[in-house]
Amino acid sequence: QVQLVESGGGLVQAGGSLRLSCAASISIWWINAMAWYRQAPGKQRELVADITRDGSTNYSDSLKGRFTISRDTAKNMVYLQMNSLKPEDTAVYYCNAAGLNSLQYWGQGTQVTVSS
């Protein structure tokens, strides 16, 4: 089974940057798409960004161009570069993978906290 492990979360001040990493236990070429989701306290889990097999990306409109999703196929890694962080970005961030046979896989999540 595919395993996803997130890292890179932490506590930062508003305006700071973080890069989240997601390591997959299988080549991402076996994955139809990968995505980052987040869930803030008292809120529903929401899509942050996704990247498909051909490298096409999609972002939540609320990000205002501050986040960038990328991949390193040789390392089976997906990243989320987060710049100009705001307190409302505080959430648990989850890596998600959709397999070629429509199976879904989730990481354990990594906490991102942005202070005022």
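Just so it is clear, the structure is predicted and the values come from calculations on it, not from any experiment.

**Q** Explain unusual backbone geometry to me, please; I cannot follow it from the model alone.
**A** Even without a glycine there, the phi angle at Asn-76 is positive, about 55°. Within the fold, Asn-76 resides in the loop between β7 (67–72) and β8 (77–82). Positive phi outside glycine occurs at Ser-84, with the angle close to 50°. Mapped onto the fold, Ser-84 is located in the loop between β8 and β9 (91–99).

**Q** Please clarify how the state of the cysteines should be interpreted in this entry.
**A** Here, the word disulfide means a covalent bond between the sulfur atoms of two cysteines. In total, this model carries 1 disulfide according to the counting rule given. The side chain of Cys-22 participates in a disulfide bridge whose partner is Cys-95; the two sulfur atoms lie 2.1 Å from each other. Around the S-S axis, the bridge from Cys-22 to Cys-95 shows a dihedral of about -85° and counts as left-handed. Placement of the pair is Cys-22 in strand β3 (residues 18–24) and Cys-95 in strand β9, with a sequence separation of 73 residues. For Cys-95, a relative accessible area of 0% gives the class buried.

**Q** Any chance you could explain the side chain of Thr-110 here in plain terms?
**A** Tracing the sequence through the fold places Thr-110 in strand β11 (residues 110–115). On the accessibility criterion, Thr-110 (10% relative accessible area) is buried. At 3.3 Å, the side chain of Thr-110 forms a polar contact with the backbone nitrogen of Gly-9. Leaving out residues up to four positions away in the same chain, Thr-110 has contacts with Glu-6, Ser-7, Gly-8, Gly-9, Leu-20, Ala-91, Val-92 and Tyr-93.

Here is what the cut-offs are and how they apply
Residues numbered from 1 in each chain as written. Predicted model: local features only at pLDDT ≥ 70, side-chain atom pairs only at ≥ 80, totals over all residues. Heavy atoms only, no water. Helix = DSSP H or I, 4+ residues; strand = E, 2+ residues; numbered from the N terminus. Disulfide = S-S within 2.5 Å. Buried < 20%, exposed > 50% of the residue type's maximum accessible area, 1.4 Å probe, protein only. Polar contact = N/O pair within 3.5 Å; in protein donor to acceptor, adjacent residues only side chain to side chain. Contact = heavy atoms within 4.5 Å.

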